[in-house]
Amino acid sequence: MQVAIKTSSGKIEQPVMEYQLELLDYGFKAVTAIPKYPHIKDRSRAQYLVVNAALDLNQPERALAYSDRIENWRRGLGYADTAYYQAERGEIEGLEKLLDFAMQFAVEQSSKPNAQAWRVDRVRMRIAKTRALLGQVDEALRIEASVVPSERGRLGAALAERKGESDFDAQLASLEELFAEAVFGQMINARQACLVLYSNNYANRDRRDRLDELLPSLYRKFPANVRVELSVAMASIALEQGDKTRAREHINAAQGILDASKWLPETGIPLSAELAALHFRAGDEARARRYLELALTQYQAEKKRIINIDRAAVLRSVAEAYMAIGDGDAARRVYVQAIDAGIENPNSRPRAEDLSATCISMSIHEFNPGAELMNRINQICSGLTDPW
Amino acid sequence: MKSLLQTLKPTAVMLSVGLVALPGALTAQQIDITSDITESTTWTANNTYNLAGQQIYVLPGATLTIEAGTVIASVEGGSLAVTRGAKIYALGTENNPIIFTSDDDVATWDVNPLHPTGGNPKTGSWREAALEWGNLTIMGRAFMNEDEIGTNVPGISANNYGDMEGLTAAFPGDPNVRYGGGDDLDNSGSLSYVSFRYGGKVASLTKELNGLSLGALGRGTDIHHVEIMNNVDDGIEVWGGCVDLKYLSIWNIGDDSLDIDQGYRGRIQFVLIVQGYSVNDSQGSGVGDNCIEVDGSEDSDRQPVTTTTMYNMTVIGQPISGDGMTAWRDGARVQYRNSIFMDGGEAVVRLDNVDGDGGQGYGHNGTLSFGDTWTTTFDNTSSVNAPASPENFYQAQNAGFLSEMTDNVYFRNLNAAAYTQAENIDGTGFNIFSSIPLNNNVKEPVGQPIVDIQRAAPVTRGGLTQIRVTTLDPRPANDALVSGDWAPADGFFNGARYRGAFAPNMTWLCGWTASTAFGFTSDADKICDLGGGIQGAFGTPRLEVTGAATNGSATTIALSNARPNRAGYFIISFARSEENSFGLVPALGALPPVPMVTSPSGEFVLGPLPWGPVPPGLNLYLQFFVFDEAGEPSLFSASNGVLLTTK
């Protein structure tokens, strides 16, 4: 079923470079070429990632157009995400209709024999988040209360965004209570709420200090990758506030966790690359470059241990970091490697997924591939065929 | 009274009759699979495939699609493994199952005048055999833990992985034999209506293989309607991950019928286990070990630890020489509910405590003791090596205690120690029949909880006395007809209001299983429960169909457990819905939905409807929908779907 949704979101469409949109379109085209049978689950997931990218680039109309072409429950997720995007920006025209469509797809999925609750509840929680942003907190809480436990906790970020400074203590208490209940899925979901709270209160030194102390302690027993990601996110917020000193503390904390743990290359290299980019932003370019070179060396040394469908993702993370430090030439070299790695597998499904992910990465990170590389992308995209 | 078919359109009838041709009528080619699958491929129903004596891998990025009705008949040692990042879509149907068997199983697959049933999956004959081919192994990227990998850490980590039992690494660190990762939503594909027979032979080692091996499969993987018939090692073994499993039928297994380990966190419902024997061999003894054996983790203080809920199990043991009905090891936490445990040869609750493989048992390093798990609520568990708490990732349990046996019927478990542990868990005095308020457990009732079971004369196999089940009608009877409570409406569980794996008057074994083809279970009525449904105020409304659909007979179609005094629709169709949108089992189109209203007791009965002349083999798909605001978020409930085939 095609759903024609007219929203006011065109008003908030932000200008981006033409190549960025072209990359998104290639990304969507590539994964849409994957046959629905039997690949509907993977095809839809990959299409949804392009919807997310369109929203990241402030292109809600495009996100809706992509969502219309998803043919499983993730279409509802696309609509709900777009609704949330609009609600965040105060654009409510057409939003209710969008939420209705999102719920319609949630309901349809929930009714399938052998349906799995987390799928539909993920859509419902996006709707709840949007309701929370719209001030319909009771309805949001009602929905949240009826979803599976793993999907709970996602409301926190929306409520944190909505609430004023005076709610700080209440929000903090609420988060502490959530952590006291200690349900992992909820705590992972609550991370975003923690970060929103941290960002919103950064200027208040007392509150920032409290959160600086509290957040790492809340997550201290979590897996190393979760703790690294939390420190990275807190460092990013500090950098956005112009506080390089505090950012460096978070980066060093993350680096310490990274260095103290054993990682499979496909997990460890992307984390190293992300930290390298942060070192640069915190003013240490030499260290950033050194870590990126080490990451590439490690990739070459351990390439055989990484299955070929995972290699491009590792390389993309390094390319993105090079973009972050402003070295477009190095990024180009690594992106080209990523595109090559993405077609090492003989099957078009993983090729399409990798090409799409690389296109999204280039678009989001404002890497202009130029005519020659764009032509290569087009050729790969056009060449996607059996075997899938 | 109108006949059920009086309103059907003639054209639709003819179309449906055309669909019942048996696959044996097709010309089949035998195709040998001799190398790994690096490029996606489809195995089609018009051929028979042979895993030609080798371990065949579906390599990362590749997808193996197997059409409904396809038979894979392999020689000794032939086996199939789906690696992390690869996919398998084996989508059989209730009338056209996918069958993995051996090339010796000629009665199933070989179209040959010497054995005229060959090529028809609905026929065949049981043989005392196994170890004739390998198995299917699927490896995913969900969380698990394993203490034999040096880089693994005791806590939950995306870096933790295992090397799959029975597979041989081509080089140190070979990713093709590896399972585990950090994606609990991982998708390894889908299996439905797949029957595995006579397997367990590993390609190159002295070890044996499980009928179906599932390593760290994520929730994005869909598995339902799977049968294992005669396997020399375990029937189904699950290591870690959180894939949900539904409609499993496991017979004559040489080791544990269902074996779980390494931090499994999925949910399981509708399982039939029938212990028997297949063939004697080194590892699996050839005769059944435990019916269900659950380990928490490789060592009991590791995370994740197995934490699962199983509803609607029918577990039929070996009454003289069988092992435990449920075995508990290394911190496992399991809730068994709405189930039947009968004819066990040993303990209903068997506390092994350790796995015999280095695990240090319940209570190790500050973890909960076995007794503690029965008195500790599901959301409040050990903190040893846990990320803040062991509830991490654990979504299968949502009420009650970590370990539970409630709302079950225990019948004819005659061993002197059958209930010793159950009535004094871990020596604490905790008694599953009295210590749990409203436990609804029924111990040794007078009436048998299933309709019928017949066994052969005792024989000795592996030094043990075995009494094989020869015919079984596993439908509920007596105390199993109605349960005290039912599974929660969590999107996976069906709110079945009965005990055991089958609804009254119907089974879901018909049409696709070896048990029916071999005559152990009957589909003489041609009434098949297709499952599905949407829970309402009183669990999932139940559709029961009684009376064969044949000239001179009458069929009664009865709805129960629906919300009282509510409008709804009765749906009947000649075809099954492909999309299953809104829970719809029948395809809409040929006939309009019939409006109805439930009675003050939430029931509605249609019939008895007399049958006139009717073509045999006509498929009718039936289902009820009832408006019910408890059916969140859809605001309606739906019964199970039923396939009624005319005779």
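The structure presented is a predicted model; accordingly, all values stated were derived computationally and were not measured.

In this section: unusual backbone geometry. With an omega of 0°, the peptide bond running from Tyr-37 of chain A to Pro-38 of chain A counts as cis. Residue Pro-387 of chain A is reached from Asp-386 of chain A by a cis peptide bond, and omega for that bond is -5°. Following the sequence through the fold, Pro-387 of chain A ends up in the segment after helix H19 (370–382). Located in the positive-phi region is Asp-426 of chain B, a residue other than glycine, with phi close to 55°. Its location among the elements puts Asp-426 of chain B in the loop between strand S27 (409–411) and strand S28 (442–443). Look at Glu-444 of chain B: it is not a glycine, yet its phi comes out positive at around 45°. For Glu-444 of chain B, the location among the structural elements is in the loop between S28 and strand S29 (450–455).

This next bit is on the confidence of the model for chain A. With 81% of its residues at a pLDDT of 70 or more, chain A has an overall mean of 83. Contacts from residues 1–10 of chain A, a stretch scored under 50 in pLDDT, to residues over four places away or in other chains number 24 contacts.

On to the packing of helix H2 (residues 36–56) of chain A against helix H18 (residues 348–364) of chain A, then. Residue and element names in this part refer to chain A. The N-to-C vectors of H2 and H18 enclose an angle of 5°; their axes lie 10 Å apart at closest approach. Here H2 lies roughly parallel to H18, going by the angle between them. Residue-level contacts link His-39, Asp-42, Ala-46, Leu-49, Val-50, Ala-53 and Asp-56 of H2 to Arg-349, Glu-353, Ser-356, Ile-360, Ser-363 and Ile-364 of H18.

Residues and elements named next belong to chain B. Spatially, S34-S35-S38 is the arrangement adopted by the three strands of the open sheet, whose pairing is antiparallel. Only two strands of the sheet have a single partner each, and these edge strands are strand S34 (542–546) and strand S38 (604–610). Within this sheet the neighbouring strands show an average axis-to-axis angle of 10°, counted without direction. In this structure, S34 lies alongside strand S35 (residues 554–560), joined through five bridges in antiparallel fashion. Its bridge partner being in S35, Thr-546 is matched across the sheet by Thr-556.

Turning next to H19 of chain A. All names here are of chain A. Taking 1.5 Å of rise per residue, the 13 residues of H19 would be expected to cover 18 Å, and the 18 Å separating its terminal C-alpha atoms lies within 8% of that figure. All of the buried residues along H19 are Ile-377, Ile-380 and Cys-381. Along the axis of H19, the buried residues cluster in a sector spanning 100°; they form a single face. Of the exposed residues in H19, those oriented more than 90 degrees away from the buried face are Ala-371, Glu-372, Asn-375, Gln-379 and Ser-382.

All right, on to the environment of Ser-192 of chain B then. All names here are of chain B. Secondary-structure assignment places Ser-192 in strand S13 (residues 189–199). Put simply, Ser-192 and Gly-180 are twelve residues apart on the chain and 23 Å apart in space, counted from C-alpha to C-alpha. With sequence-adjacent residues up to four places away left out, Ser-192 is seen in contact with Leu-91, Gly-92, His-224 and His-225.

Below, the discussion takes up the sheet that holds strand S16 (residues 236–239) of chain B. What links the strands of a sheet is backbone hydrogen bonding, and the strands pair in either a parallel or an antiparallel sense. Residues and elements named next belong to chain B. Pairing is parallel across the open sheet formed by nine strands, whose spatial order is S4-S7-S10-S14-S16-S18-S20-S22-S25. With one partner strand each, in any of the chains shown, strand S4 (55–58) and strand S25 (349–353) form the two edges of the open sheet. Strand-to-strand twist across the sheet, computed as the mean angle between neighbouring axes with direction ignored, equals 15°.

Our next topic: the domain arrangement of chain B. Split by domain assignment, chain B resolves into domain 1 (24–480) and domain 2 (524–645). Once you take the C-alpha centre of each, domain 1 of chain B and domain 2 of chain B turn out to be 32 Å apart.

Basis of the calculations
- Residues numbered from 1 in each chain as written.
- Chains lettered and ligands numbered in written order.
- Predicted model: local features only at pLDDT ≥ 70, side-chain atom pairs only at ≥ 80, totals over all residues.
- Helix = DSSP H or I, 4+ residues; strand = E, 2+ residues; numbered from the N terminus.
- pLDDT = per-residue confidence, 0-100.
- Contact = placed C-beta atoms within 7 Å.
- Axes fitted to C-alpha atoms, helices over the stretch in contact; angles between N-to-C directions.
- Parallel < 35°, antiparallel > 145°, perpendicular 65-115°, else oblique.
- Pairing = 2+ DSSP bridges.
- Expected span 1.5 Å × (residues − 1).
- Buried ≥ 20, exposed ≤ 12 C-beta atoms within 10 Å, placed from the backbone.
- Arc of directions from axis to C-beta.
- Domains from an automatic or database assignment.

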